[in-house]
Amino acid sequence: MSELHKFMFEALPVRGMLVRLTDGWRELLGRRATADAFPPPVLALMGEMAAAAVLMQSNIKFNGALVLQVSGDGPVKLAVAEVQSDLAFRTTATVVGNVPADARLEAMLNVHGQGRCAITLDPQDKLPGQQPYQGVVPLYGDRREPLQELSQVLEHYMLQSEQLDTRLVLAANDDIAAGLLIQRLPVEGENNLQGRRNEDAIGMSEGFNRIAQLAATLTRKELLNVDAQTLLHRLFWQERLLRFVPSADAPHPHFACTCNRNRVARMLKSLGRDEVEDIVAEQGRVEIACEFCGVKYHFDPVDVGELFTPQRDQPPGSSTVN
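Structure report, in brief. This is a predicted model, so every value here is computed, not measured.

Conventions used here
- Residues numbered from 1 in each chain as written.
- Predicted model: local features only at pLDDT ≥ 70, side-chain atom pairs only at ≥ 80, totals over all residues.
- Heavy atoms only, no water.
- Pairing = 2+ DSSP bridges.
- Helix = DSSP H or I, 4+ residues; strand = E, 2+ residues; numbered from the N terminus.
- Axes fitted to C-alpha atoms, helices over the stretch in contact; angles between N-to-C directions.
- Buried < 20%, exposed > 50% of the residue type's maximum accessible area, 1.4 Å probe, protein only.
- Arc of directions from axis to C-beta.
- Contact = heavy atoms within 4.5 Å.
- Core = buried A, V, L, I, M, F, W, Y, C linked by side-chain atoms within 4.5 Å.
- Phe/Tyr/Trp six-rings, centres within 6.5 Å; stacked < 30°, edge-to-face > 60°.
- Lys NZ or Arg CZ within 6 Å of the ring centre and 35° of its normal.
- 1 Å grid on protein atoms, 1.4 Å probe; cavity = no way out; pocket = protein on both sides within 12 Å on 5 of 7 lines; lining within 4 Å.
- Points joined across faces, edges and corners; volume = space filled by probe spheres on them.
- Nonpolar A, V, L, I, M, F, W, Y, C, P; charged D, E, K, R; others polar.

**Description of the sheet that holds strand 1 (residues 3–9)**
As summarised here, the arrangement of the five strands in space is 8-9-2-1-10, forming an open sheet in which the pairing is antiparallel. Each of the sheet's edge strands pairs with one partner strand only, and the pair in question is strand 8 (166–172) and strand 10 (241–244). Within this sheet the neighbouring strands show an average axis-to-axis angle of 15°, counted without direction. In terms of strand pairing, strand 8 meets strand 9 (residues 177–184) through seven bridges, oriented antiparallel.

**Things to note about helix 5 (residues 206–215)**
For helix 5, the set of buried residues is Gly207, Phe208, Ile211, Ala212 and Ala215. Projected down its long axis, helix 5 carries its buried residues within an arc of 125°, all on one side. The exposed residues of helix 5 that point more than 90 degrees off its buried face are Glu206 and Gln213. Buried residues along helix 5 sit in contact with strand 1, strand 2 (14–21), strand 8, strand 9 and helix 7 (228–236).

**A closer look at the environment of Asp303**
Following the sequence through the fold, Asp303 ends up in helix 10 (residues 301–307). Along the backbone, Asp303 and Val286 are 17 residues apart, and their C-alpha atoms lie at a distance of 9.5 Å. For Asp303, the contacting residues outside a window of four places in its chain are Arg261 and His298.

**Examining the nonpolar core**
Ranked by size, the top nonpolar core spans 60 residues in total, and within it Leu21, Leu45, Leu68 and Val70 carry the most contacts. The dominant element in this core, judged by the number of residues it contributes, is helix 2 (residues 40–60), at 13 residues. Ignoring sequence-local partners within four residues, the contact set of Val70 consists of Leu45, Met49, Lys77, Leu78, Ala79, Leu109, Arg116, Cys117, Leu139 and Leu150.

**Here's the deal with the packing of aromatic side chains**
Applying the stated rule across the entire model yields four aromatic pairs. A centroid spacing of 5.0 Å and a plane angle of 85° characterise the contact between Phe9 and Phe236, whose relative ring orientation is edge-to-face. One end of the pair, Phe9, is in strand 1; the other, Phe236, is in helix 7, with 227 residues separating them in the sequence. When sorted by exposure, Phe9 lands in the same class as Phe236, which is buried. These aromatic residues form a ring-pair network of at least three members: Phe7, Phe9 and Phe236. The lysine or arginine in question, Arg261, covers the ring of Phe299, its NZ or CZ lying 4.0 Å from the ring centre.

**Quick word on the layout of surface pockets**
The computed volume of the largest pocket comes to approximately 700 Å³. Considering the residues around the largest pocket, the lining is formed by 29 residues, among which Leu4, Lys6, Met17, Ser58 and Lys61 are closest to the centre. Ranked by residue count, the leading element in the lining of the largest pocket is strand 1, at six residues. When grouped by side-chain class, the residues that make up the lining of the largest pocket number 14 nonpolar, nine polar and six charged. By volume, the second largest pocket is sized at about 340 Å³.

Function-wise, these values are silent; they only describe arrangement.
In C-alpha cells:
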C-alpha cells in the first residue's frame, strides 16, 4: 500500500514528509499499458509530479483539488498531476514529438525557453465569484539557467512565490513514485501556498540548511528502493525526529480517476448532434479515451441516437444523460 510519513525535527523549525506511491502508481501504469504508452522519461516525470503533488496537498490540507502542471515548447506539450483532499491522485501527459531516452526537463518541455510550471488550488465548494488560486513560474532559475529537474522547479517556486526554503528529492520508475520534502516552517503559520510572506527568514535558518544538506545526499536509487524507516534513519540518525502516527481514518495516497460514462456523454452532447453523427458515419461509432486512466468509452449509433433524443421520448429504462 502507498505510504505517507510526516515528521518534524525537535527544537528546529523544520518539517518533513516522505511519500511512496506503490499500488496506486502501478494501477495507473497498468491502465495506461492498455492504451497509449508514454516514453520512459515522460513516465518518470509523471511519477515525480504525482509524488510532489501528494506531498504539497498533504502539506496544506486543502479542501479541493491541487493541480500541478508543466507545459512548454518541447516534445512534451503538457503534463498534469491532480490530487484531491482525500489524496486521490491521477496524472497524464500530452506528447507531441519524439522524446529521447535520456531526456531531462529542458529537452522535454523547455527547448526554446517557453516552459512554465503552474500550481492551482481549486476549492471543492466555491463561494459565489470565487476563482481558483494559481501560481506560475518559468522552468529556469534566477540567472535564467534552464532547470533540468522538476524538484528544482518546485524548490524555486516555493522560494519565489511563497518565500519558503524547501528541499525536494523526487524519483519514479515502473514500480514506485516517491518523494522526500524538507521545508522550513513558515513564520506566520499555515497556508503557505496562499500568499503568506516570510522574506526575512529566507536562507537564514541554520537548522533548515543542515537538514537540507543531509536530504541532498539522498540518491534516487535509495529513494526508490529503501523502506521509509531505514531511509529516514540513514539520513537523520544524528537528529531527534518526531514522527506523526496517522489516525485510523486519515487519508492515504491512492489512484482514482473521476471519469465516467455520464461525463463523457455530456461532453459529446456539448459538441452537437451534427458533429457527433458525422463521426459515427465516418467511423461506425464514437470512441473516447480518458487522458488520465486510459479507459475507453464507446457510443454506437443507437447510443448516439438516445443521447440526442429528449427524455420524454425515450422508451422505459433508457439511460440517456440529460
